[in-house]
Amino acid sequence: MPATSQQQVGSRGRCAALLLPLLLLSMAPRPGNATINIPSKYKIRDLKSPPVITAQPVSVTTFSSDDITLTCEATGNPPPTFRWVKDGVEFDPSKDPELSVSRDSGTFSSTAKDGPIHQYQGRYNCYASNDLGTAVSNEARIVTENTPTLQKEKKVAKKVEEGESVVLSCNPPNSTVAPVIHWMDKKLRHIQQNDRVIQGRDGNLYFSHVTVADSRDDYTCNTQFPSARIIVLKEPIKLTVVPSNSVVRNRRPQMMRPTGSRSSYLVLSGQNLELECIVMGLPSPKIQWIRKDGVLSESRTSKDSYDRVLRFKNILESDSGEYQCTASNPQGIITHTYSITVEAAPYWTKEPKSQLYSPGETVKLECKADGIPSPEVTWSINGDLLTDIDPEPRRSLKHGVLTLNNVELSDTAVYQCEAVNKHGSILINAYVYVIELPPQILTEDVLMYSVAEGQMIELACETFGSPRPNVTWEGETLGALASNPRMRQLLDGSLQISNASLDDSGQYTCTVSNGKITITAELDVLNKTVIVKPPLDLRIQRGKPATLACEYQVDSRQDAPQVQWRKNGQKLTESSDSDKYMLDESTLIIPDVNEEDEGIYTCEVITTLDVAEARGSITIVDRPDPPTQIQMTDPKDRNVTLSWTPGDDHNSPVLEYLIEFEETEYERKEWEELSRVSGNNQRITVSLKPFLSYRFRVIAINDIGKSDPSMYTDVFSTPAAPPDSNPEGVRSDSIDPGTLLITWKEMDRRSFNGPGFEYKVMWRKVLGSGPSWHIKSIKSPPLIVTDVDNFSAFDIKVQAVNEMGEGPEPKSTIGYSGEDYPLEAPLNVAMDSINSTAIEVVWASINRETVRGLLKGYKIYLMYYGPVSRREHFREGKPSNISFVVTDSNEEKKILGDLLPYSHYALSVSVINNKGEGPQSEPLTFRTAEGVPGPPSSLLLDSPSETEMTLHWTPPTQPNGVLKGYILRYQQVDKKDSSMQIENNFDHAVSHVSLKLDPQSRYRFYLRGYTAEGEGLPIIREGATTLDGVPPSNISLSTGETSVNLTWVSKERQRNVGFFIHYLKKDGKGTWKHSERVNSSQSFYTLQGLQSGSEYRLKIDFKNKTLWEDEVQTEGAKVMMVRKGFVTESWFIGLISALVLLLLVLLILCFIKRSKGGKYSVKEKEEGQIDSEARPMNNEGFGEYRSLESDNEEKRTASQPSLCEDSKLCTDDALDDYANSMQTEVIMDESLASQCSGVRDVPDPGTQESSPLNPATSISHHGLPNSAALLD
């Protein structure tokens, strides 16, 4: 069932008034033998329970030295009492002083003593009883035996000849407990066994044949009884093997154990069985086992002791049958047959169950057992045989089923079922507890259930009571459930809703009618999960990436779903093969597809409430394999039939087949396409051309591409034939005068159709030459005929011929001989002005004889000399631009447009034929009329104040006449219906004008020039006056450690203005400072030179007024100002400098002394002790340095008068001390630097109780001089 969700949102079940009876689903009638299981959540006090035996007594075999314990434990309420029955007679262990009885159970035990224990041997049953019945234990047996002892034996000595068989007997003590036997020597080492020497299950040691090496006198049988904890050592046996005087004679196999040819075994199912096959013979026989009536199971059997033992573990009834052992050596074969019969002690096939029942129910206790032979089954009640109890009409026994009809409280008892056959007995207890219990609802109240649309949901209403409570369900909406086939009540009281819909959401009430107890359940039906874009069926090539998308839609009230991909039903994970699959949210990507990736892919979108799935597939497609078995059939002169067998299409059907051919006798061999046929055809008849040698191949084509070509066929040659066609494109391409050039498109050589191919060219003049043709044969075009008239018409035709004959009769066409240049120019060239930019040119028709060719048209040359105002170009006769226009042959006039007004031009006309252009006519000069000017070249706007705008312009580049002046029009563009204002005309020499305008409006200006012909095109500009600028006030701040960045947005239409940024540190000290001059158009400025971690006030003043003010704090740690101390005093600096200089002098003297080899007086060093406080260099600064030296400082001697010798600086340790002093100087310098920078906090000198240079009161800082410590 799909998962549902529920959670508790209220309290326990409660008594409540019924809702409207919308649905009454009653508990279905339960079967007559229904039982009661008290749930763990059912609340009841001191419920009685029948006795149940929890620990059964176990049969034991015991020796006089062993403890005896029979266990019997049981549960029940009230606690049960125990009694024992031995061999059918009451037995009270508490009355036996040798037995101790457990206080809380029926277990009794006996501690091992020297006295006899045989009186305890027998069969025991334990009975556990309370108010509700009596339970009986399984039967347990106590078997007592005497402790095995060593019997007096005679020493055994055996003497045999080499090669004979021998048996060394063990004869262990008699006991029902099988001993563990070991054959050992006197040093307790095991006798080595092999396929010649084997220990049998009877304990004897068997030799199939003996060797001289077997002789020894300490063959000892050790018998161990683990349960008795004793080992019995037998007398050693002496074996003497007499060497044979001749070659030892081989012996055929003979059975040693078992003897004879057959033996039988009876074994119980579940036991272990070992079949022995110990044989004599020389050489040692080989053993083989078979099952005569079937196949020997390798899994059910195993071989041991060099195949001499066939072992069955946990034998089954199916193992019954005949088995055979075959022993063979070169002298012969012997067999032995084992007949195995497997029987079984009783075992249960159907057991009765202990149950609780309500009064009036029918109880059926079914008890069935099986075994070999079949057991007898008997029933008892509370330990008394059913046959010994008075009959009861409500009680019946049939086919092993004990039936109790209409049970009552008095029927509560423990019923025993016992099965017995010759191999033993088994007993089982089952109680029938008839009880009345008040009804309760065990399900929590106000549970919230969630289910996806279309799924099944069960609203739980677990109840318990005896008799079983009657449960009803009610819905919240009227008439919604009464006839709804999707809702039904289950036997356990739950309400099952199938195919849930959104309308099923709401509250449901479960009521126990006989107890007036109710609970409610809230059902929330969520939209079902839908896959909106399922994975596709992909057909993809090997090695390419595949992407399977799976887009889904989930109810927003659900958690994010899990997307699981499966391939052919098996889960796919990204981690299982990181190189194979990649998961991108709900998309599966296979980067490199191969054959293993083919299959059905399922996308599962799994939520807590439902699962949506969709399938796609990946099919590996590829180019088809090439066709095979290409065959040629039905050959003819002009065609042949090809057939083939298709190759594998690799999951992409063949669309068509391509038939290619190759000419074998052609120098440049290459394959060419001959034909194509659809993919469902495997044969084609191809048309061929004569006099060619072909071989063919076939290529298959599918959606992926072309296959490799098939194997090519044998060569197929067609016979020669006359040409089937004539050349195409026959024409005259005559160029030179007096010649006729006949040419055509050469025929493909495959159209020659035979040997000796050539072209037969025929021509004749159209007029005056008669019907006769001039004929000439050539191999290739063109053919040139000379000495003909210029531009004369000829009939021409070309025919293909070869040695087999001529081609079809060709059609003739008209061609002309070559042309010459025209002789004359057109006459009477004139022009007429249409307007300032267009003219019409006319001329007289040309004499066609002077054209000397085909008249193609006329060419009009137009030469531009410039505007009228620039006459120098026209006077010099040098046009600045030349253009031409070509007309048709039937035109004798032409209109020329797009001329420039008020300009000088000239024109001439010439004749054109196919040869070229003839002479030009005499140039005709003219001047175009005046026109309107073009727009002014530029127009610039400048605003010197808020109410004034100045316009600057430059003249038009194309005045197109005499420029008279300018006209200015303007209007407001940000106001509707504003009128156009016109300024007076300006002289052509004026280039600027100033206007008084509204500072709040934007204007559009139109400026035009004008000539005598009128106004020209305008130049248009928009703009507004510029307002007086002010410094910005909308400033954004961002801070650094020593700077502040100020940014602002400059206002439109405002003139740039300069200002200063004033700043003041907010520590109560200092004065206002200001930045350099800043322009309002910058939009950004960085104020630098500030201190980190400090607060500042910023402001901008303009015209004695503060426009903007703000506060800011720089980043970083705040710089603390250092109070002035003695370290900055000149006397202290001088003292330190003197000390350093003195140290350098002493160091130099020390080096000089050491270099001269100075020595110390040991005596004076020992006697003359000088107090360290009285040293010559006892100044407080240096003394402080010495006070931090090591405690084991050597004392100085007074025998050396030298200052260097009196000082410790002359020793090797002094050099180290000097290095330390140098370190002190470095630290001191750093400290001074830090004090000057004001970064570190230092103690106030005024708080020190004594001088900072006093060694007695200075504070040590990690071994550094106090001067350095104070500075740091």
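Now for a look at the structure at hand. (Residues numbered from 1 in each chain as written. Predicted model: local features only at pLDDT ≥ 70, side-chain atom pairs only at ≥ 80, totals over all residues. Heavy atoms only, no water.)

## Examining unusual backbone geometry
Quick note on the threshold: Think of it this way: any DSSP run of H or I at least four residues long counts as a helix, any run of E at least two long counts as a strand, and we number them from the N terminus. Only protein chains enter the accessibility calculation, which uses a 1.4 Å probe. A residue is then buried if its area is under 20% of the maximum for its type, exposed if over 50%, and partly exposed in between.
Cis geometry is adopted by the peptide bond preceding proline 373, which originates at isoleucine 372 and carries an omega value of -5°. Along the chain, proline 373 falls in the loop between strand 32 (368-372) and strand 33 (376-381). The phi angle at asparagine 314 is positive, at roughly 55°, despite the residue not being glycine. Notably, phenylalanine 791 is not glycine yet its phi reads approximately 50°, a positive angle. Within the secondary structure layout, phenylalanine 791 lies in the loop between strand 69 (783-786) and strand 70 (793-802). Owing to a relative accessible area of 25%, phenylalanine 791 belongs among the partly exposed residues under this scheme.

## Description of the sheet that holds strand 35 (residues 395-398)
Stated precisely, the cut-off is as follows: Here, a strand pair is defined by DSSP locating no fewer than two bridges between the strands. Axis definition: a line fitted to C-alpha atoms, limited for helices to the stretch in contact. Angles are taken between N-to-C directions and run from 0 to 180 degrees.
Spatial strand order, 31-36-35: 3 strands in an open sheet with antiparallel pairing. Both edges of this open sheet fall to strand 31 (363-366) and strand 35, since each of them pairs with a single strand only. Between one strand axis and the next, the sheet turns by 15° as a mean value, whatever way the strands run. Bridge analysis of strand 31 against strand 36 (residues 401-404) gives 4 bridges, and the strand direction is antiparallel.

## Here's the deal with the layout of surface pockets
Threshold: Cavity means a closed set of points on a 1 Å grid over the protein atoms alone, one where a 1.4 Å probe fits but cannot get out, pocket means an open set with protein on both sides within 12 Å along at least 5 of 7 lines, and lining means a residue has an atom within 4 Å of a point. Grid points are joined across faces, edges and corners, and a volume is the space filled by probe spheres set on the points. Throughout this entry, Asp, Glu, Lys and Arg are counted as charged residues, while Ala, Val, Leu, Ile, Met, Phe, Trp, Tyr, Cys and Pro are counted as nonpolar. The remaining residues, Gly among them, count as polar.
By volume, the largest pocket is sized at about 540 Å³. Lining the largest pocket we find 23 residues, and of these Asn125, Glu139, Glu418, Val420 and Ser425 sit closest to its centre. Elements supplying a minimum of two residues to the lining of the largest pocket: strand 10 (122-130), strand 33, strand 37 (413-421) and strand 38 (424-434). Looking at side-chain class alone, the lining of the largest pocket contains 7 nonpolar, 12 polar and 4 charged residues.

## Considering the environment of arginine 557
We apply this condition: Should any heavy atoms of two residues lie within 4.5 Å, those residues are considered in contact. Contacts described as polar in this section are N or O atom pairs within 3.5 Å, which, within protein, must combine one atom able to donate a hydrogen with one able to accept it, while residues neighboring in sequence count only if both atoms come from side chains.
For arginine 557, the location among the structural elements is in the loop between strand 51 (551-553) and strand 52 (562-567). Taking the C-alpha atoms as reference points, arginine 557 and leucine 526, separated by 31 residues in sequence, lie 7.7 Å from one another. Filtering out sequence-adjacent residues up to four positions away, arginine 557 remains in contact with Asp524, Val525, Leu526 and Asn527. A polar contact is formed between the side chain of arginine 557 and the side chain of aspartate 524, at a distance of 3.2 Å.

## Thoughts on the state of the cysteines
The condition is simple: Count a disulfide wherever a pair of cysteine sulfur atoms falls within 2.5 Å.
For the structure shown, the criterion picks out 6 disulfides. Two residues, cysteine 72 and cysteine 126, share a disulfide whose sulfurs are 1.9 Å apart. An S-S torsion of about -80° defines the bridge between cysteine 72 and cysteine 126 as left-handed. Note that cysteine 72 is positioned in the loop between strand 4 (68-70) and strand 5 (73-77) and cysteine 126 in strand 10, a separation of 54 residues in sequence. Shown here is the disulfide that connects cysteine 170 with cysteine 221, its sulfur atoms set 1.8 Å apart. Here the disulfide of cysteine 170 and cysteine 221 is left-handed, its torsion about the S-S bond being about -60°.

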